[in-house]
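# Architecture and fold: a report
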Amino acid sequence: MRILIALKMAIHDRSTTTGALIGVIVIVFLVGQQLSVFFGLLNLTSVLPDHSNAEVWVMSKNIRNADSGNLVSGSYIDRIIGIKGVEWVEPVLIGSGVFKRDDGSFEPVRLIGLRRPSLHGGPWNFYQRGEQVLLDLESVVIDRLDLSKLGHPLLDEVREIGGKRVKVAGIAEGARGFQGTLVFATLEKVKEISKTPAGRYSAILVKLSNEADKNKIIGNMKEILPNCSVFSSQELSNLTRKYYITNTGIGGSFFFSTSIAILTGVVIVTLTMYTSVLSRARDFAVIRAIGGRKRDIMIIVISEVFFITAIGIFIGFMLLSTLFNYTVKSEIPSYFPAYIAPLLAFVTIFVSFLGSLAAIRVALKADPAQVFH
Amino acid sequence: MSVIKVENTAKDFYDGKQIRRVLFPVSIEFTPGELVVISGPSGSGKTTLLSIIGLVLKPSEGKIYFDNIDVTNISDDTAANFRLKYYGFVFQQPMLIEGLTVLDNVLLSFGAQGGRPSEKVKKTAIEILDKLGLSNTINMQPLSLSGGMKQRVSIARAFVKDPIILLCDEPTASLDAENGIIVMKILKKSAIDNKRIVIVVSHDVRVLPFADRLIKIENGMIVSDTRENYK
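Reference entry: report on the structure contained in this document. (Residues numbered from 1 in each chain as written. Chains lettered and ligands numbered in written order. Predicted model: local features only at pLDDT ≥ 70, side-chain atom pairs only at ≥ 80, totals over all residues. Heavy atoms only, no water.)

## Considering the overall build of chain B
- Regarding its fold elements, chain B presents seven helices and 10 strands.
- A compact globule built from 231 residues should have a C-alpha radius of gyration of about 17 Å, and chain B, at 17 Å, falls within 12% of that.
- Principal axes of the C-alpha set define a box for chain B whose edges measure 50 × 40 × 40 Å.
- Across chain B, contacts joining residues at least 24 apart in sequence account for 69% of those joining residues at least 6 apart.
- About 10000 Å² of surface is accessible on chain B, with carbon and sulfur atoms providing 50% of the total.
- For chain B, the separation between the mean place of its 29 positive charges and that of its 26 negative charges on side chains is 2 Å. (Helix = DSSP H or I, 4+ residues; strand = E, 2+ residues; numbered from the N terminus. Rg over C-alpha atoms; globule rule 2.2 N^0.38 Å. Contact = heavy atoms within 4.5 Å. Areas by Shrake-Rupley, 256 points an atom, 1.4 Å probe, with all protein chains shown as cover. Lys, Arg positive; Asp, Glu negative; His and termini not counted. Charge placed at Lys NZ, Arg CZ, Asp CG, Glu CD.)

## Here's the deal with the overall build of chain A
- Assigned secondary structure in chain A consists of 12 helices and 12 strands.
- Relative to a compact globule of 373 residues, whose C-alpha radius of gyration would be 21 Å, chain A shows 29 Å and is clearly more extended.
- For chain A, with 373 residues in total, the buried portion stands at 53%.
- Contacts in chain A between residues at least 24 apart in sequence constitute 80% of all its contacts with a sequence separation of at least 6.
- Accessible surface computed for chain A: about 16700 Å², of which carbon and sulfur atoms make up 59%. (Buried < 20%, exposed > 50% of the residue type's maximum accessible area, 1.4 Å probe, protein only.)

## What to know about the packing of aromatic side chains
Residue and element names in this part refer to chain B.
- What the rule picks out here adds up to 12 aromatic pairs over all chains.
- Both rings, one in Phe66 and one in Phe82, keep their centres 5.3 Å apart while their planes meet at 75°; by these two values the pair is edge-to-face. Here the residue Phe66 occupies a position in strand 4 (residues 61–66), and Phe82 occupies one in helix 2 (residues 76–86), the gap between them amounting to 16 residues. Each member of the pair Phe66 and Phe82 is classed as buried.
- Ring pairs connect the aromatic residues Phe66, Phe82, Tyr86, Tyr87, Phe89 and Phe91, which therefore count as one cluster.
- We note Lys5 situated over the ring of Tyr65; from NZ or CZ to the ring centre the distance is 5.2 Å.
- Across from the ring centre of Phe159, 5.0 Å away, lies the NZ or CZ of Arg196, which sits over that ring. (Phe/Tyr/Trp six-rings, centres within 6.5 Å; stacked < 30°, edge-to-face > 60°. Lys NZ or Arg CZ within 6 Å of the ring centre and 35° of its normal.)

## Here we look at the sheet that holds strand 8 (residues 197–202) of chain B
All names here are of chain B.
- Read from one edge of the open sheet, six strands run 6-7-8-3-9-10, paired in mixed fashion. Strand pairing shows two members of the sheet lacking a second neighbour, strand 6 (87–90) and strand 10 (221–226), which therefore form its edges. Here the strands of the sheet are splayed against their neighbours by 15° on average, with no regard to which way each runs.
- In terms of strand pairing, strand 7 (residues 165–169) meets strand 8 through five bridges, oriented parallel. Bridge pairing in strand 8 links Asp169 to Val201.
- Packed onto the sheet, helix 1 (residues 46–53) meets strand 3 (34–39), strand 6, strand 7, strand 8 and strand 9 (213–218) and runs at close to 155° relative to strand 8.
- Across the sheet, helix 6 (residues 147–159) is in contact with strand 6 and strand 7; its angle to strand 6 comes to roughly 175°. (Pairing = 2+ DSSP bridges. Axes fitted to C-alpha atoms, helices over the stretch in contact; angles between N-to-C directions.)

## What to know about the nonpolar core
- Of all hydrophobic cores here, the largest spans 86 residues; its most connected members are Phe284 of chain A together with Ile4 and Phe30 of chain B.
- Ranked by residues supplied to this core, first place goes to helix 2 (residues 14–45) of chain A with 10 residues. (Core = buried A, V, L, I, M, F, W, Y, C linked by side-chain atoms within 4.5 Å.)

## Observations regarding the sheet that holds strand 1 (residues 4–14) of chain B
Residue and element names in this part refer to chain B.
- A sheet is described by the order of its strands in space; here four strands give the open sequence 2-1-4-5, paired in antiparallel fashion. The sheet terminates laterally at strand 2 (19–30) and strand 5 (69–70), the two strands that pair on one side only.
- Pairing of strand 1 with strand 2, which is carried by eight bridges, proceeds in the antiparallel orientation. Counted as the bridge partner of Phe13 is Arg20 from strand 2.
- Running at roughly 60° to strand 2, helix 1 makes contact with strand 1, strand 2 and strand 4 of the sheet.

## Focus: the interface of chain B and chain A
- Listed per partner, the contact involves 33 residues of chain B and 25 residues of chain A.
- For the pair chain B and chain A, the summed buried surface comes to about 2700 Å²; carbon and sulfur atoms form 64% of the total.
- Interface area lost by chain B to chain A is led by Met95, Ile97 and Ala112 of chain B, which between them contribute 19%.
- At the boundary of chain B with chain A, the tally comes to three salt bridges.
- In this structure, the salt-bridge partner of Asp77 of chain B is Arg295 of chain A, at a minimum N-O distance of 2.5 Å.
- For the pair chain B and chain A, the number of links is seven residue pairs in polar contact (both at pLDDT 80 or more). (Buried area = accessible area lost by both parts, 1.4 Å probe. Salt bridge = Lys/Arg side-chain N within 4 Å of Asp/Glu carboxyl O. Polar contact = N/O pair within 3.5 Å; in protein donor to acceptor, adjacent residues only side chain to side chain.)

Here you go:
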């Protein structure tokens, strides 16, 4: 009955309910949107280790992220392939160059060189054509969302990277990097453009067999490759993400904007709930006078807050999903992990109650003697 | 047999600068079946006395007994339980809760502590509303009722619990002459038919003809306590 009373009060007090609802929606929508951009950007930072299909990455000693590091010797490939449980070993060469646009201007790009014919570490999802196009020495694959940056090259159109001839042979989907536009090419082409010495690579990717003991093999590899960094793909991904969170503005910017979103929501919820309870102090005094206890008043106010918060969360998530539907294939990096939804709902409920503390305090002060004046 | 008794009860208020005595020690007993009018000018202490009797205000001195049980220093929750079980209140303003229907308002006390009114209680509530001429307002919002109707709804809210004590604070103050008389007739009938203690605080002379007992208060002191025909 107390919950029903709260529900009817909330429905009756439309302006306050709407105000508090807006506060909750602001929290869910703005924080959710910030989170999605944050995770979207993080995904870009670790895009290569996350999608390499390899379990282990071997890179030069003391690296701080997947994008930095010296070249390692290709002779390590032979040492690794001899380890029991290793299914394949493939080198990857990461270089840089400038892509010549159709208007004659240049766009810096990050080149990912893959060894033919396996092409491991290459694009994992294609918008047009497939990975077999990279079997051709001249071919490069760029991402759909980078087309405009690169001057809208057409399929099979010949362009230049670092003054070397390349052919845009395929369009990938979702293969975008944080440090720059990714262009996938053959090892030979990247070596030619970046002028890297023969037999040296940026990373060696290792795929283990299903029954292999990953930790044991990584331990073995660390022993036989003392001058290298050996990471599982997940470790390298985490290291890279951590590096960019702490060494770029992503972490700080996300923390600041999220805090502002939460604060704005809390202020709206606080003010509206406080005003609402203040205007209904007489009602609470009546309930107290006719036999309601302080805890009953608290239950009524909390039920009202919960009711408003639940609806606010629902509307907030509806708006978020609409936003994600529109941005999922856009240039805005956006990714919302499933486990974040309940966390965001929990945080929203928590801050809504935090914002309602002042209102609850006022409601509890309702004096039954007040009804006799 | 007296159900409620105040004994040497006084009340002081602190106004921020000094302690002011608004009710000097009074001793009164109330017995069921009579309508008691506590009368006096504004600020005389009659509402304070009513608040103490209603267990919403603690006295600064003296004792309150409910059915020979000392209830002077009971906790807030116990006082709330007493009010819920034994008291009915009619306030100067009807004090109905907007957003709840007339029937919801009448049944409010049954939900105040989280319970749900039974079908029998709902039936009783509807019967009381019917007797008070409000049968067609059951699902209406208080906002759409006249002042007299609202006050009758607040009386129904007090009656539905079948309380032993009915405390009414200026129940006719916001009503016109006709509605004031209707309300007083209902209260009088309730005292006689249901053997209730009905205490009406008022300085409205229209209520006097309905009084079985008249207690006059001035400057926080009882100046007279009489039982006679005031018609």
